[in-house]
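Descriptive structure summary
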Amino acid sequence: MSVQSLLLRHAGGEQRVCFAAVGAAPPEEFLSASEKAQLGGFKFAAKQQGFVLGRLAAKRALGALLSEPDLRRIEIRSGIYGQPLIHHPAGGAADVSVSHSHGLGVALAFPAAYPMGIDLESVAAVAAGTIIGELQASGAERAWLARADVDQATACCVLWTAREALGKTLKIGLHSPLGMLALSEIRAAAEGSWSGRYLNFPQCQCLSQAKGGRVLSLAMPGEAELSEPLRLPPR
């Protein structure tokens, strides 16, 4: 379990953001009564685990951002598109984006004035042929897939998580044609990481990284930058 504090820089100003990664839930209570009821509605253990890890990561990130040590005071409900809604006395100016995949939950807490979204996927769970057929890839994405210096499953994960991250930023999830969330450009940033711009939302950028068989993508304002990359824990 880790919590990373970063600075979001934009237009000469700085805002604090917090990123949490959680691989196991602690024995102490951290869910509210309504969150426990929601957990009880999941029939399958994998769904229950994903919910618990995602909620814990969100509360860890928000707890760090809001200086709230008692995670039970932070309640996270779900909006109409599944987006997290924060209930906390100091939560009005904050927002959070949550994702989980195969035993790891991650969350980014940030000022609501700077919309952001993250998505995490495990490469081993990806059927590249199926995803390519669903992506509605742009010309730039097809060109990148043809020349990408990573395996096809990882490359498809980058494009899929980029869409998920933007859908979360816009508060619509994937309730739109996937081609609407496509990238117009993709560039290698460092080993195992890429940056890009969105075709239909050029005011937004995407930062993606592959590590330990996972891909994490972050959608954020195009003119903003983070003080350091988000840190995924080793597998």
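Looking now at the pairing of strand 5 (residues 94-101). Remember that side chains alternate between the two faces of the sheet whenever the strand is regular. Counting buried residues in strand 5 gives seven out of eight residues, a clear majority hidden from the surface. Here strand 5 runs beside strand 6 (residues 104-111); their pairing, made up of eight bridges, is antiparallel. Looking across to strand 6, one finds that serine 101 is bridged to leucine 104.

What the rule picks out here adds up to two aromatic pairs. Ring centres of phenylalanine 42 and phenylalanine 51 lie 5.4 Å apart, and the angle between their planes is 50 degrees; this geometry places the pair in the tilted category. Relative to tryptophan 194, the ring of tryptophan 144 lies with its centre 6.1 Å away and its plane at 80 degrees, an arrangement referred to as edge-to-face. Residue tryptophan 144 is located in helix 4 (residues 139-147), and its partner tryptophan 194 is located in strand 9 (residues 193-198); the two are separated by 50 residues in the primary sequence. Tryptophan 194 gets classed as buried once you look at its relative accessible area, which sits at 4%.

Cut-offs used in this document
- Residues numbered from 1 in each chain as written.
- Predicted model: local features only at pLDDT ≥ 70, side-chain atom pairs only at ≥ 80, totals over all residues.
- Heavy atoms only, no water.
- Buried < 20%, exposed > 50% of the residue type's maximum accessible area, 1.4 Å probe, protein only.
- Helix = DSSP H or I, 4+ residues; strand = E, 2+ residues; numbered from the N terminus.
- Pairing = 2+ DSSP bridges.
- Phe/Tyr/Trp six-rings, centres within 6.5 Å; stacked < 30°, edge-to-face > 60°.

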